[in-house]
2 protein chains.
Amino acid sequence: MAGSAPDGLAARLSVNQATVDRWSLREVVDGCARHGIPFVGPWRHRVQEVGAPAAARLLADAGVAPSSLCRGGWFPAPTGAERRRRVEDNLRAVEEAAAIGTDVLVLVCGPAGGRDIDGARRMVAEGIAAVVPHAAAAGVRLAIEPLHPMFAGDRSVVVTLAEALDLAAGFPSETVGVVVDVYHVWWDPAVYAQIERAGREGRILAFHVSDWIVPPPDFVRGRGMMGDGLIELRRLRSAVDAAGYAGPIEVEIFNEALWERPGDQVLALTRERFLACV
Amino acid sequence: MAGSAPDGLAARLSVNQATVDRWSLREVVDGCARHGIPFVGPWRHRVQEVGAPAAARLLADAGVAPSSLCRGGWFPAPTGAERRRRVEDNLRAVEEAAAIGTDVLVLVCGPAGGRDIDGARRMVAEGIAAVVPHAAAAGVRLAIEPLHPMFAGDRSVVVTLAEALDLAAGFPSETVGVVVDVYHVWWDPAVYAQIERAGREGRILAFHVSDWIVPPPDFVRGRGMMGDGLIELRRLRSAVDAAGYAGPIEVEIFNEALWERPGDQVLALTRERFLACV
């Protein structure tokens with residue numbers, strides 16, 4: 001596949017680093033280049049292994065563009081001091097996104113520490129408010145990712161597209177938007193209405209794909225390769241396209257069995273299924 | 001606890017049979033009587049082991065009232081013939097509910113068999129429509145239970161209280177309503193608004209409690225005992241009370257570790273936590 005000029009859907013393919021979790025940033029970037037995959041979605045811990053300036057050079061040298069940086073967020077915490085540390089970490093994430101050359105920082109907003117989900121939701125809004133000025137100055141957009149409600153207890157109190165859009169509405173659309181990840185939203189009776197709304201409000205900053213396999217093998221590491229599950233991928237992609245999003249589409253698959261396969265096999269399968277199913 | 005007169009909250013306690021899954025109907029009914037628990041929520045397979053008439057006698061003799069029967073539903077299927085068989089099974093479930101002396105049949109509506117969640121939702125509506133006349137004639141109410149969205153792929157395409165209420169709205173409130181189960185709805189940003197709506201529309205037929213533990217040990221059998229997790233149980237119970245529901249409150253906990261404990265320990269703990277946390 002190397003050397004083939006991506007066009008149409010293929011020109012939008014991005015592989016999120018979590019899909020080949022065992023690979024370093026250099027390995028995934030070189031892999032994308034070998035497989036004709038134009039974008040990559042790096043994670044911060046992998047960027048930090050080489051440092052943001054080296055990561056930027058490595059991406060530029062390979063001709064693979066970053067579609068986002070994963071991830072900021074995780075705002076709720078029991079004390080004001082800890083919440084300030086979380087905000088400071090988000091300011092660094094904004095810097096890292098700008099340094100590697102992406103203007104999209106994905107936010108996984110964080111869970112409630114105890115029995116107060118509304119309080120945690122207020123802390124998320126306050127945390128984003130505290131990061132917005134820095135993000136605007138750096139030209140980085142904060143992409144709120146609603147997570148599947150099964151993660152409400154340990155990853156994010158933001159669990160629907162409607163909730164993410166309501167939250168984003170408090171901030172300028174130039175700086176704050178949402179991620180539409182099919183794995184997190186496919187079950188929602190309101191998903192198509194909310195995708196249309198997200199487009200109308202100018203808030204779609206990223207689109208992520210994978211699949212929901214039955215029965216799900218694991219809470220966290222049980223996502224499926226596109227085509228192996230129940231999600232109406234093409235219908236959702238068409239809705240996101242119709243809502244005006246024309247950017248990269250990230251394949252993000254947390255799956256233990258996939259991680260045990262050679263990365264080059266995973267990238268080849270990812271590209272094939274992406275073109276066939278998304 | 002035997003002999004103590006239940007009053008106030010204690011007078012509303014029901015133990016769903018799934019909480020002591022290894023016990024037969026007789027064992028759970030006798031256990032409830034021993035522990036001063038006035039209601040029980042039987043499952044059909046346990047009723048069928050003795051037959052509905054014997055189950056009714058067994059309940060009456062013990063002075064323990066059935067708060068509901070679990071469960072009907074499971075409507076979507078690929079062929080018309082199979083969907084008719086599912087409806088017929090629901091007609092039998094209605095008969096069984098009436099025969100054991102409860103007017104609440106819980107519906108777990110069923111998953112989509114493939115990549116067409118909206119089609120499955122239509123099959124659910126058609127299935128309920130086909131059961132309503134028989135239920136009305138038998139004086140049994142159909143209680144649509146929205147399940148947590150993590151079960152959209154293998155148990156129910158009805159996943160929010162709003163969706164369940166929209167579905168119920170197509171039928172008379174004398175015959176069709178909803179179950180509010182905290183485990184399935186606690187994460188929903190709209191939950192309090194929808195509980196208020198459910199009360200206003202006269203649709204709350206049952207209220208189930210358990211807890212959401214972190215991290216969740218299992219998709220299906222990982223529910224927590226009240227007080228062990230994150231759910232704001234008293235706040236939700238107060239909302240359901242304020243919405244006008246004054247009926248039994250069923251404790252339904254699918255949990256492998258709990259099932260390995262002696263049933264009498266489980267009932268004692270259930271009653272204690274129910275009074276302390278709900």
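Further up the page is the structure itself.
So, here's what we can say about the structure. (Residues numbered from 1 in each chain as written. Chains lettered and ligands numbered in written order. Predicted model: local features only at pLDDT ≥ 70, side-chain atom pairs only at ≥ 80, totals over all residues. Heavy atoms only, no water.)

**Observations concerning the layout of surface pockets**
Summary: where empty space remains is shown by rolling a probe the size of a single water molecule over the atoms. Computed from the structure, the largest pocket encloses a volume of approximately 280 Å³. Where the lining of the largest pocket is concerned, the elements lending two or more residues are helix H6 (161-168) of chain A together with helix H6 (161-168) of chain B. Here the lining of the largest pocket gets three residues from one element, more than from any other, and that element is H6 of chain A. (1 Å grid on protein atoms, 1.4 Å probe; cavity = no way out; pocket = protein on both sides within 12 Å on 5 of 7 lines; lining within 4 Å. Points joined across faces, edges and corners; volume = space filled by probe spheres on them. Helix = DSSP H or I, 4+ residues; strand = E, 2+ residues; numbered from the N terminus.)

**What to know about the pattern of salt bridges**
In this structure the tally under the stated criterion is 46 salt bridges over all chains. The salt bridge involving Glu 82 of chain A is made with Arg 86 of chain A; its shortest N-O contact spans 2.7 Å. Taken as a pair, Glu 82 of chain A and Arg 86 of chain A lie in helix H4 (residues 80-100) at a separation of four residues, close to a single helical turn. Connected via shared salt-bridge partners are Asp 118, Arg 121 and Glu 163 of chain A together with Glu 232 and Arg 235 of chain B. (Salt bridge = Lys/Arg side-chain N within 4 Å of Asp/Glu carboxyl O.)

**Structural notes on the packing of aromatic side chains**
Residue and element names in this part refer to chain B. What the rule picks out here adds up to 10 aromatic pairs over all chains. With centroids separated by 6.0 Å and ring planes inclined at 85°, the aromatic side chains of Trp 43 and Phe 254 adopt a geometry described as edge-to-face. Linking Trp 43 in the loop between strand S2 (39-41) and helix H2 (44-50) with Phe 254 in the loop between strand S11 (249-251) and helix H10 (256-259), this pair joins segments that are 211 residues apart in sequence. For the pair formed by Trp 43 and Phe 254, the shared burial category is buried. Considering the side-chain rings of Tyr 183 and Trp 212, the 5.1 Å spacing of their centres and the 35° angle between planes classify their relative orientation as tilted. In this pair, Tyr 183 is assigned in helix H7 (residues 182-185) and Trp 212 in strand S9 (residues 211-212), connecting sequence segments 29 residues apart. Across this residue pair, the class does not change: Tyr 183 and Trp 212 are buried. (Phe/Tyr/Trp six-rings, centres within 6.5 Å; stacked < 30°, edge-to-face > 60°. Buried < 20%, exposed > 50% of the residue type's maximum accessible area, 1.4 Å probe, protein only.)

**Focus on empty space enclosed by the protein**
Throughout the structure, instances matching the rule amount to two cavities of 30 Å³ or more. Computed from the structure, the largest cavity encloses a volume of approximately 90 Å³. Forming the boundary of the largest cavity are Trp 186, Asp 188, Pro 189, Val 191, Tyr 192, Leu 230, Ile 231, Glu 232 and Leu 236 of chain A together with Ile 117, Asp 118 and Arg 121 of chain B. At the level of elements, helix H8 (191-200) of chain A together with helix H5 (117-138) of chain B are the ones that each hand at least two residues to the lining of the largest cavity. Along the walls of the second largest cavity sit Ile 117 of chain A together with Trp 186, Val 191, Tyr 192, Leu 230, Ile 231, Glu 232 and Leu 236 of chain B, which together make up its complete lining. Here the lining of the second largest cavity is composed, by residue class, of seven nonpolar, no polar and one charged. (Nonpolar A, V, L, I, M, F, W, Y, C, P; charged D, E, K, R; others polar.)

**Concerning the pairing of strand S7 (residues 176-181) of chain A**
The side chains of a regular strand alternate between both faces of the sheet. Residues and elements named next belong to chain A. With six of its six residues buried, S7 lies for the most part within the structure. Direction of pairing for strand S6 (residues 141-144) relative to S7: parallel, over a ladder of three bridges. Bridging across to S7, Ala 143 finds its partner in Gly 177. This β-α-β element, S6 to H6 to S7, shows right-handed connectivity. (Pairing = 2+ DSSP bridges. Right-handed = clockwise from strand over helix to strand, strands pointing away.)

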